[in-house]
Amino acid sequence: PANPFISFNLVVVWSFHFFSHYFGAFFVCISDRPKLAENYTEDTWLKLRDAVGAIQNSTSIKYNLEELYQAVENLCSYKVSPTLYKQLRQVCEDHVQAQIHQCFVLDIKPTESLDNLSFLKRMNRCWQDHCRQTIMIRSIFLFLDRTYVLQNSLLPSIWDTGLELFRTHIVSDSGVQKRTVEGLLEQIELERNGETIDRSLLRSLLGMLSDLQVYKDSFEERFLCETNRLYAAEGQRLMQDRDVPEYLHHVARRLEEENDRIVSYLDQSTQKPLICCVEKQLLGEHLTAMLQKGLSTLLDEYRVTELALLYQLFSKVKGGLPTLLQFWRDYIKSFGGEIVCTPEKDKDMVQELLDFKDKMDNVVQSCFARNESFINAMKEAFETFINKRPNKPAELIAKYVDSKLRAGNKEATEEELERILDKIMIIFRFIHGKDVFEAFYKKDLAKRLLVGKSASVDAEKSMLSKLKHECGAAFTSKLEGMFKDMELSKDIMIQYKQYMQNQSEPSNIELTVNILTMGYWPSYTPMEVHLPSEMVKLQEVFKLFYLGKHSGRKLQWQPTLGHAVLKAEFKEGKKELQVSLFQTLVVLMFNEGEDFSMEEIRTATGIEEGELKRTLQSLACGKARVLNKNPRGKDVEDGDRFNFNNDFKHKLFRIKINQIQMKETVEEQVSTTERVFQDRQYQIDAAVVRIMKMRKTLSHNLLVSELYNQLKFPVKPGDLKKRIESLIDREYMERDKETPNQYHYVA
């Protein structure tokens, strides 16, 4: 080079920066003067030898580094490069062999008191010195390295030669290697047990093993073996001693510590096998035990942080998420099954199901990363447990909707009510017997519409729209017909009022009639009562008006659904009473007399005994007591007498006297369920005939398969067989004479 001194300095500075973390001692001896050309002066050789001697003794160099570099260049120019390289290697090898005896052979004897940490520090110092001296020698012999060595591809560079000699004579020595690796493992174990160690020392020594290309064989295999043994024992012990949340945090902390070790001093190639080892021993070996011990508790207590950590850790292990998925599914089935199959919980079943669904949704969203498999497993589990108890959940969901849509429900705003209905529809989707829901929902809807107890027409239509979207137009056709009847009734009443204005004798009683299409509405048991002559006359007038517009129709009056507003006079003044038709008939009797027995009232009104007792109880024992009962009491008995309460007082002008609602009896519930069952039989019959008419001939198994595809409610194979037999008896189809399992359609 034009300026070898500058080049030398750059090389020295770079080399010291790159290899500052290595250790060792390296002394080069050149004892014999090489054969030089005749014109090579003795003074030049003496300078080179003195400089090398200074490097050997780690003392200051007397000569200018540029002159030393030039001396090497001159030697190479005189064609003595092979001899120079060979002698340099031999001198280095002799020195390294001397070093192992001087620095290590004595220290690895059992009689020596040098502990492992001191041994590691000496090893590190030796390595650092070796690196430093090798860099200096390479800098002086740089010309040789860049010319002769570079041109001969089979020859290692001066730096690689230094590494090879150190590896061959020091690190590969069985005693030195064994003690070095044991010392490193001991330090790592101390750190794992919570003690502080010199990480820079481990980083330097492990870097040495990596540079010498013995890291994997000499250290990594033993390190992973020890790690496996440590965490296998730790996993077994802590699974017994700690609860699952604490154990999960411990595993997360251990994984974080091991990742930190990789960053701090371990080789990057160790990361994957090390982390796999920790995950296998602390997680993989205890997947089932952890879930059996703690998943239910975590979900019951809604431990969001620990559940998220559980999912995160299980996702790292082979088979972790499938195992968690199965336990998650089983938990939902078990917890939900307890809600559904416990009759004592029927009162709060739907609310508990909604709360449980919200909770599980939040777990999937917040803890399970919205994993599609977990969402599907949750849906499957809900569908399974909610249908373990046929019909009852559907019935209770219908009643829950009724409680939310009924007037007087001030629990929620319109927006909140809409959200509640959306949540109910999610639960509704899981039900197989949707026709049971329809039967009870229709019965409750009728009450709300006819008695005017619907909280919001918009909410009612919104619910109807949701049901139509979920189940189709056929499912809601009758429900929509009920709303149409109410709207048509309003139009009819406008026409009726115009009709009454044209009558010669207009009535002072305002009549409102709802015309109901019998096929749309629930069936009501007719009850004959004794109406006042004024009401009977109004009925006849309306009947004449309606049949005049719609000939051929038949009107059947339903007094059980009627209500009225009465004007009453008390000492306090005039009031208006909003009452049912039965209450109206009872109160009007006191225009004719002051005191009546229950039997007299029953004879005069014709009201059935049970209904009459509830009516009298609402008038004489409720909050608004317009009648006095003698003797006093909360219940009405056969011998009780009643008189008008002229002293009645109330702050409102119009007072609504609620009828004592008869709780739905078991018989009514059974009746509704039986109607559903009967409808199902009709649907099965129709489906069988429809399929056979199209296919003409079909085997039993194919027919049953087709039926399952068409029917939208759960049905047992035995029930299908009964309906098929019934159709054969009624000659809609017949068995094949040769193959009894084959059916033919009979036209």
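Coordinates for the structure precede this section.
Analysis parameters
- Residues numbered from 1 in each chain as written.
- Predicted model: local features only at pLDDT ≥ 70, side-chain atom pairs only at ≥ 80, totals over all residues.
- Heavy atoms only, no water.
- Helix = DSSP H or I, 4+ residues; strand = E, 2+ residues; numbered from the N terminus.
- Buried < 20%, exposed > 50% of the residue type's maximum accessible area, 1.4 Å probe, protein only.
- Core = buried A, V, L, I, M, F, W, Y, C linked by side-chain atoms within 4.5 Å.
- Contact = heavy atoms within 4.5 Å.
- Pairing = 2+ DSSP bridges.
- Axes fitted to C-alpha atoms, helices over the stretch in contact; angles between N-to-C directions.

Peer 1: Got a minute to help me understand the side chain of Arg192 in this structure?
Peer 2: Considering the arrangement of structural elements, one finds Arg192 in helix H8 (residues 174-192). Using a relative accessible area of 7% as the deciding quantity, one classes Arg192 as buried.

Peer 1: It is not clear to me how the nonpolar core should be interpreted in this structure. Could you clarify?
Peer 2: Generally speaking, nonpolar side chains in soluble globular proteins are found buried as a group. Among the nonpolar cores identified, the biggest contains 141 residues, and Phe219, Leu266, Trp328, Ile332, Met360, Phe437 and Tyr441 are the most heavily contacted of them. Setting aside residues no more than four positions away along its own chain, Ile332 makes contact with Gly337, Phe356, Met360, Met378, Ala381, Phe382 and Phe385.

Peer 1: Looking at this model, I keep getting lost on the sheet that holds strand E2 (residues 573-580). Mind explaining?
Peer 2: To summarise the sheet geometry, strands pair through backbone hydrogen bonds and adopt either a parallel or an antiparallel arrangement. Reading across from one edge, E1-E2-E6 is the order of the three strands in this open sheet, with mixed pairing throughout. Either end of the sheet is taken by a strand with one partner, and the two such strands are strand E1 (563-570) and strand E6 (654-656). Strand-to-strand twist of the sheet, defined as the mean angle between neighbouring strand axes without regard to direction, takes the value 25°. Bridging between E1 and E2 involves eight bridges; their strand directions are antiparallel.

Peer 1: Even after reading the chapter, I still don't get the sheet that holds strand E5 (residues 641-644), so can you show me in this structure?
Peer 2: On the basis of which strands lie adjacent, the open sheet formed by three strands has the order E3-E5-E4 and antiparallel pairing. Each end of this open sheet is capped by a strand with a single partner; those strands are strand E3 (595-597) and strand E4 (627-630). With strand direction ignored, the average angle separating the axes of adjacent strands in the sheet is 25°. Direction of pairing for E4 relative to E5: antiparallel, over a ladder of four bridges. Considered in E5, the bridge of Lys629 is made with Phe642. Its contacts with the sheet put helix H25 (residues 598-605) on E3 and E5, and the angle it makes with E3 is roughly 85°.

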